[in-house]
Amino acid sequence: MAPFPGPRRTLRIMAQEAPTDIHSSLNETRIFHPQDAKCAGFDRWHISSLTEYKDLHERSVADPEAFWRAEAARLDWFTPFTHVLEWTPPDAKWFVGGSLNACYNCVDRHVQAGHGDETAIIWEGEPKGAHTSHSSSFSHYAAEPEILELTYRELQSQTSRVANMLKSLGVKKGDVVTIYMPMVPELAVAMLACARIGAAHSVIFGGFAHTAIAERVIDAHSRVIITADGGYRRGDIVPLLKNVEEAVELLDSHGHILNHVLCLKRTAQQPPSQRFHTGERRFNNTRFHWWHDLAPTVTDACPCEPMDSEDMLFLLYTSGSTGKPKGIQHTTAGYLAHVQMTARLAFNLIPDSGQLFWCSADIGWVTGHSYVVYGLLMNRVPTLMYEGAPNAPSNDRFWEIIARHKVTHFYTAPTAIRTFMKWGNELPAKHDLSSLKLLGTVGEPINPEAWIWYHEHIGGKRCPIVDTYWQTETAGHICTPLPGAIATKPGSCTLPMLGIDAAVVNESGHELPANKGGLFVIRKPWPGMLRGVYHNRERFVSNYWGRVKDPATGQPYYFSADGARRDSDGYYWIQGRIDDVIKVSGHLLGTMEVESALVSHPSVAEAAVVGYPHEIKGNAICAFVTLKSRWFSEHAGRQPDDEMRKELASHVTKEVGALARPDTIRFAEALPKTRSGKIMRRLLRDVACGVEKITQDTTTLEDFTVVAKLRADEE
Ligand code: WT7
């Protein structure tokens, strides 16, 4: 690529007023122009002007096959593909006839090319002090805090060993391996080990509870779980193994055959073997294996299995508008092609230029899959993994990490930025953040106030910010600024990524004029697109392809379930989900999932869950709950109170996980419904937001009936 050719450009701020909330993004008029390369600390940009971007984008959409053929050439293939795309809407096959391996592309090829001794992963554990006990076989090991560096060669030997461990447990090409681990390097190793032998991984976020684990294991037909005894989080130990034990009990009771649990010792709790022999045996011992027991029984040589382009690389469960999470399926070649391209261009990744990329997302989310693991390793830029919480032991841990490791790229979520703002400007100011060159955000719309704070207090006004819009289903970025080419407007994810034919349309598929809100769609297939919802064809078709069509050809468009508008510069402003899915602290949560958890409580008759705006989390959860009459007779004279609220909130935490814990619980004698029996969610949302007033604190049947009637007349 050409070195940065442009004239020196200085940062320009068009207007000074800081809008204070997300909704005011409509009026946002500030523009931040692409940085002068020296000022931002990059020697060159992959794409360095708006004209270059526009030209490339236009060509990539006009002739996607030519564009993606060139991108696929950046991967290493065992067998070249014969043609780029087979498109039978809504089914796409990319790079047909080709074979390759994801682990090979992330690890082995770098070793082959002589980069074996370069750092691939830098990891920092949460605890500080000497009391930790990471029983790893990795080489470099420091005491304070625990830091570990893994080279590509070590990664090759570790992934091979774990691949052989999995083989010794009977895992074969095409199987689905469930991974439920803390943010330790072995998590990345486990994923890559699966890829190495052609097993798909299904990573479950460590914050999920046992029921959520069991549900996903059953849906995935998974027979093996890789976990750890625990993980450190905010000074506590997350009892991962205990959650797995409870999940296994559930699986057993459902008749699901789980063959093996492979467990890494991270927190050195009591080994289960000791507990299980004393009565409450949850695993039979032939099913349970310590990682460190199995590791020495196999070699560290294992070839990378040639996989068809369209073989499944992983499943990742995401929330939808039913109570049951969807297993989003991604395939090998398309995922890799899309993710290597977006990582390279959105973050201007350049190997051997001293870059160190830190994405603070957990690998349990797609952000971690694409931009902690695959996107970075493929581009041979080292990736930093941090195990724990931002406030452990104090609120400046993130800034300390950036300073300690000289992080150049930092990628996090708006909800985290809003929390940092609340914690105060003096915390980042205490640390040397001058290594930073680029900042990113992901997961939800960022309010301009948080954007400006991030720019000033973390980026020192010199780092471009890329606000990346995408989804679990899209594999990688869909709209994002390219830092050397596209000027940014706080709150906008700017323009579509190369190869992405985005549009804002109405229900009949017609593109809307500037500044009209509509549906965000993608009109042409792209390699990273999901290939299915696991074992649920109907959901795949109806969720994503059933709503909007090309008005001319009748071909379906991919619908993201997000509302958006495009401004007169063609910039996209994502307005958020228009289905019954809410974003809480950047995490998707189906309202139905929380409702199902609530009604599984023996005292709950009915529940409805809605989101309402929250200063830090973006959205908070409000649950409207009707208790069974039995509860009232059993608790004579008692009204549902805070104690009951606590009980229900803990129940949801136990069933789904802490991320689903309702912020507000309101008791109602009945829920407002339409004549056909559908809960009037819009009304409940208004009530939760305080738009619709209910006369008493405890919502009553009468109140709802009155409001519901009024509403029914309106509609
Ligand atoms: C939903 C997808 C993106 C990977 C992590 C989350 C919202 C995501 C942005 C952004 C506005 C955003 C959308 C989308 N979203 N990024 N930059 N600006 N909204 O993946 O859990 O599948 O969530 O996150 O609503 O549909 P996910």
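In short, a report on the structure. (Residues numbered from 1 in each chain as written. Predicted model: local features only at pLDDT ≥ 70, side-chain atom pairs only at ≥ 80, totals over all residues. Heavy atoms only, no water.)

**Description of the sheet that holds strand E28 (residues 604-614)**
- Reading across from one edge, E28-E29-E30 is the order of the 3 strands in this open sheet, with mixed pairing throughout. Two strands bound the open sheet, and with one partner strand each, they are E28 and strand E30 (664-667). Going from strand to strand, the sheet's axes swing by 25° on average, the running direction of each strand aside.
- Sheet topology places E28 next to strand E29 (residues 618-627); 10 bridges connect them, and they run antiparallel. By the bridge assignment, Val-604 is partnered in E29 with Leu-627.
- Sitting on the sheet, helix H20 (residues 642-655) is in contact with E28, E29 and E30, with an inclination near 120° to E30.
- In the packing of helix H21 (residues 681-689) onto the sheet, contacts are made with E28, E29 and E30, and the angle to E28 comes to roughly 60°. (Pairing = 2+ DSSP bridges. Helix = DSSP H or I, 4+ residues; strand = E, 2+ residues; numbered from the N terminus. Axes fitted to C-alpha atoms, helices over the stretch in contact; angles between N-to-C directions. Contact = heavy atoms within 4.5 Å.)

**Here's the deal with the site of the ligand**
- Asp-467, Thr-468, Gln-471, Thr-472 and Asp-562 are the nearest of the 17 residues found near the ligand.
- Note that a nitrogen atom of the ligand is positioned 3.1 Å from one of the backbone N or O atoms of Gly-443.
- Take Glu-444: an N or O atom from its main chain is 3.4 Å from a nitrogen atom of the ligand.
- Coverage of the ligand by the protein chains reaches 95% of its 550 Å² of free accessible surface.
- The set of elements that each furnish at least two residues to the shell around the ligand consists of helix H12 (366-378), strand E20 (465-468) and strand E25 (572-577). (Near = heavy atom within 4 Å. Polar contact = N/O pair within 3.5 Å; in protein donor to acceptor, adjacent residues only side chain to side chain. Areas by Shrake-Rupley, 256 points an atom, 1.4 Å probe, with all protein chains shown as cover.)

**Concerning the environment of Phe-420**
- Here Phe-420 lies in helix H14 (residues 414-423).
- Residue classification places Phe-420 among the buried positions, given a relative accessible area of 3%.
- Phe-420 sits 34 residues away from Tyr-454 along the chain, and the two C-alpha atoms are 9.1 Å apart.
- Contact partners of Phe-420, with chain neighbours within four places excluded, come to Pro-390, Phe-398, Trp-399 and Trp-453. (Buried < 20%, exposed > 50% of the residue type's maximum accessible area, 1.4 Å probe, protein only.)

**Points about the pattern of salt bridges**
- In total, this model carries 39 salt bridges according to the counting rule given.
- For the salt bridge of Arg-531 with Glu-310, the shortest nitrogen-to-oxygen distance reads 2.9 Å. Of this pair, Arg-531 sits in the loop between strand E22 (518-522) and strand E23 (532-533) while Glu-310 is found in the loop between strand E13 (307-308) and strand E14 (312-318), placing the two residues 221 residues apart along the sequence. The same class applies to Arg-531 as to Glu-310, namely buried.
- Shared partners join several salt bridges into a network, and the residues in it are Glu-124, Lys-128, Arg-397, Glu-400 and Arg-404. (Salt bridge = Lys/Arg side-chain N within 4 Å of Asp/Glu carboxyl O.)

**Section: helix H13 (residues 397-405)**
- Burial runs high along H13: 7 of the 9 residues are buried.
- Lys-406 occupies a position one or two residues after H13 and carries a positive phi of about 55°.

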